[in-house]
Amino acid sequence: MQQQTPLISIQNLSKHFGEGETRVDALREVSLDIFPEQVIGLLGPSGSGKSTLLNIIGCILEPSSGILQLEGETVYDGRWLRSDLRRLRLEKIGFIFQAHNLMPFLTALENIAVVLHLAGYNTAAANKRAQELLDYLEVGNRANSYPSSLSGGEAQRIAIARALANKPKIVLADEPTAALDSERAGIVMDLLRKVAIDQQAAIVVVTHDEKIYDRLDHIFQLRDGKLHDQS
Amino acid sequence: MNLAYRDVRHNLGRFIITCIGLSLLLGVVLAMIGIYRGMIADALELVDTMDAQIWVVEKGTRGPFAEASRIPLDTREAIARIHGVTRTGAVTFQSIQTQTGSAKLRLYVIGYEPGELGGPRRIISGHGLTGRNFEAVVDRRTRLDPGDHIQLGRNNFTIVGTTDNAVSSGGEPAIYLSLDDAQRLQFDLSPSAIRKERARGITTSASTNTVSAVIAQISPNASDKHIVSMIQRWKHLSAMTRHQQGLILTQSVIEKARKQIGMFTGILILVSAVIIALIIHTMTMDKIKEIATLKLIGAPDRVIINLIVQQSLAMGLIGFALGGVLISNIKDIFPKRLILQPLDGLSLAGIVVIICLLASLYGVFTALRVDPAKALAG
Ligand SMILES: Nc1ncnc2c1ncn2[C@@H]1O[C@H](COP(=O)(O)OP(=O)(O)OP(=O)(O)O)[C@@H](O)[C@H]1O
Ligand SMILES: [Mg+2]
């Protein structure tokens, strides 16, 4: 497994905010490789740079220096090498949020279908795949419900379905289980594991949640912007 | 999948209330334009009804509607002698206020010589003036009927017939009197004028023999311009064609109203634009997290701009349509004449589209600056 090319490869990545007096070094010389089928955890105290790292991998935050490669493609090496970062995200990356971030004005099914529409699916195909995903996550019966009428666990699974809709190779999750009880958290983690295997994907989970530590392949600890391998 | 529609459907109450508010505003704008068109039509209505190709008035005035004009009654005979003139009439015009029952009524008194040019175009009930004193024919918009009586000055007049299409440029319905009655009424109502005339040594009987204008019809092969330029050379008279009289009315009588209505219309359009901009901006601010999420999952700017602009356009056009329906339904019970012209409606629709686009700029600008990372922040 380790001889494959990493799905996420980071070399000497640094990120600071501000300059001079107000400079904050959120990440210092971080290097990391993540391979298909891996579910890895990012741990660390508040302010240690976990979200910053996740945002950089998700191409929504520009690093200060270093190299970022996704699926073998160099995406950043001192500057963004692609101008269509949104397209890149649409094609390669699924995001799972702590708050589910579903569109309140779309039904569960539509929340998933919207991603598929963006990716070019026609309505029938998008709805079919969305329904399959909902069934896969065992919330198929809530397809026509609006987010406001879903339980936290249901909403989170629909958000996961949305993240998976376009079969991303990389799934980034910031505190995906924080709002769930341990049983639900376990289900979500099993699901992410299943996705990692089924889709040959890499899953990065930022978490404070000790109850899921044993379901992670690797745990990386961030402290003051430095990365420590804990696994 | 249309996100704009789905978001609106989800917040339908607020959207509908905004549309209704806008419809009132845009309805008022339409009414303003309609009133303006109505005024032009009213202004020209009387000129059309008088059916004269030549208007002869006092030298140096643009009368008889835009400015006061007084010319001797015998001018009519002089005009009648001009080659090419087929019919003539001497007419007086005067706005007065009177009382019917308990209601105040503003009337536009037209004095003419029965049998000559200048009377009602057609009688729709009763009959025309017979030449006896104290008879009147009224426009049906006075809501008076044959047999009714009305006090004007010192005398009580009997309505003998009704006509239509006789409304002054100020919107007052006309009342036709014989020239004698009209002249007497004029002097009854302006004692100060008589006093002034007397002071100048002019006898009352001579001054009652003035009229506001002399009007003339000409034979089909005569040139109105030619006759007008001929009369212009006369010492005490001015003349104009029907077209020129129409221009004077629409320009000078309506000029002020046009500016006022234009200003109100402008302000209302501006207010609508500000309201649309604020509502769209609020709706956008309420969706900041969703917009950040859309960017995060890879939606191009086009999707986000469409979301905002479509809502803005829908709001404006639905408001406009509701306003249009509203005004078309109440235009007949409106106290002033409203004329809704399709072209005016279309232009306003065009303006609404433009202000919607401009109004959504603020929201679009805000939305495009949203950082997709905002979606991730808990
Ligand atoms: N946009 C920004 N501007 C300035 N400083 C920032 C910004 N984003 C993050 N930081 C700083 O960078 C450091 C790392 O922040 P980050 O959000 O990555 O921490 P975290 O590990 O995710 O914390 P938490 O567990 O509280 O979410 C912090 O000191 C934070 O204040
Ligand atoms: Mg964080």
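All of these numbers come straight from a predicted model, not from anything done at the bench.

Draft legend 1. A look at the overall build of chain A. Helix and strand content of chain A: six helices and 10 strands. Over its C-alpha trace chain A gives a radius of gyration of 18 Å, about what one expects of a compact globule, namely 17 Å for 231 residues. Projected onto the principal axes, the alpha-carbon positions of chain A cover approximately 50 × 40 × 40 Å. The burial tally for chain A puts 57% of its 231 residues in the buried class. Taking the intrachain contacts of chain A between residues at least 6 apart in sequence as the baseline, contacts between residues at least 24 apart amount to 67%. About 9,500 Å² of surface is accessible on chain A, with carbon and sulfur atoms providing 46% of the total. Across chain A, the centroid of the 24 positively charged side chains sits 4 Å from that of the 29 negatively charged ones.

Draft legend 2. Geometry of the sheet that holds strand β10 (residues 226-229) of chain A. Residues and elements named next belong to chain A. Taken in spatial order, the six strands make up an open sheet running β6-β7-β8-β3-β9-β10, and their pairing is mixed. Bordering the open sheet on either side are β6 (93-96) and β10, each of which pairs with just one other strand. Along the sheet, successive strands turn relative to each other by an average axial angle of 20°, direction set aside. Two elements, β6 and strand β7 (residues 170-174), share four bridges in a ladder whose sense is parallel. Bridging from a neighbouring strand, Phe95 pairs with Leu172 of β7. Each of β6 and β7 touches helix α5 (residues 152-164); the most contacted strand, β6, lies at about 165° to it.

Draft legend 3. Summary view of the interface of chain A and chain B. Listed per partner, the contact involves 22 residues of chain A and 26 residues of chain B. Carbon and sulfur atoms make up 67% of the area that chain A and chain B hide from each other, which totals about 2,300 Å². Residues Arg86(A) and Asp301(B) are paired through a salt bridge, measuring 2.6 Å at the closest nitrogen-oxygen approach. Scanning the region where chain A abuts chain B turns up eight residue pairs in polar contact (both at pLDDT 80 or more). Elements with a contribution of two residues or more to the side of chain A that touches chain B: α2 (85-92) and α3 (108-118) of chain A. At six residues, the largest contribution of residues to the side of chain A that touches chain B is made by α3(A). Taken together, the residues that form the side of chain A that touches chain B break down as 14 nonpolar, four polar and four charged.

Draft legend 4. Local environment of empty space enclosed by the protein. This structure, assessed with the given rule, holds one cavity of 30 Å³ or more. Estimates place the volume of the largest cavity at around 70 Å³. Around the largest cavity, the lining residues are Leu90(A), Ile93(A), Gly94(A), Phe95(A), Val115(A), Arg162(A), Ala163(A), Ala165(A), Asn166(A), Pro168(A) and Ile297(B). Of all the elements in the fold, those that place two or more residues in the lining of the largest cavity are β6 and α5 of chain A. Tallying contributions element by element places β6(A) first for the lining of the largest cavity, with three residues. Residue composition of the lining of the largest cavity, by class: eight nonpolar, two polar and one charged.

Each value, and the rule that gives it
Residues numbered from 1 in each chain as written. Chains lettered and ligands numbered in written order. Predicted model: local features only at pLDDT ≥ 70, side-chain atom pairs only at ≥ 80, totals over all residues. Heavy atoms only, no water. Helix = DSSP H or I, 4+ residues; strand = E, 2+ residues; numbered from the N terminus. Rg over C-alpha atoms; globule rule 2.2 N^0.38 Å. Buried < 20%, exposed > 50% of the residue type's maximum accessible area, 1.4 Å probe, protein only. Contact = heavy atoms within 4.5 Å. Areas by Shrake-Rupley, 256 points an atom, 1.4 Å probe, with all protein chains shown as cover. Lys, Arg positive; Asp, Glu negative; His and termini not counted. Charge placed at Lys NZ, Arg CZ, Asp CG, Glu CD. Pairing = 2+ DSSP bridges. Axes fitted to C-alpha atoms, helices over the stretch in contact; angles between N-to-C directions. Buried area = accessible area lost by both parts, 1.4 Å probe. Salt bridge = Lys/Arg side-chain N within 4 Å of Asp/Glu carboxyl O. Polar contact = N/O pair within 3.5 Å; in protein donor to acceptor, adjacent residues only side chain to side chain. Nonpolar A, V, L, I, M, F, W, Y, C, P; charged D, E, K, R; others polar. 1 Å grid on protein atoms, 1.4 Å probe; cavity = no way out; pocket = protein on both sides within 12 Å on 5 of 7 lines; lining within 4 Å. Points joined across faces, edges and corners; volume = space filled by probe spheres on them.

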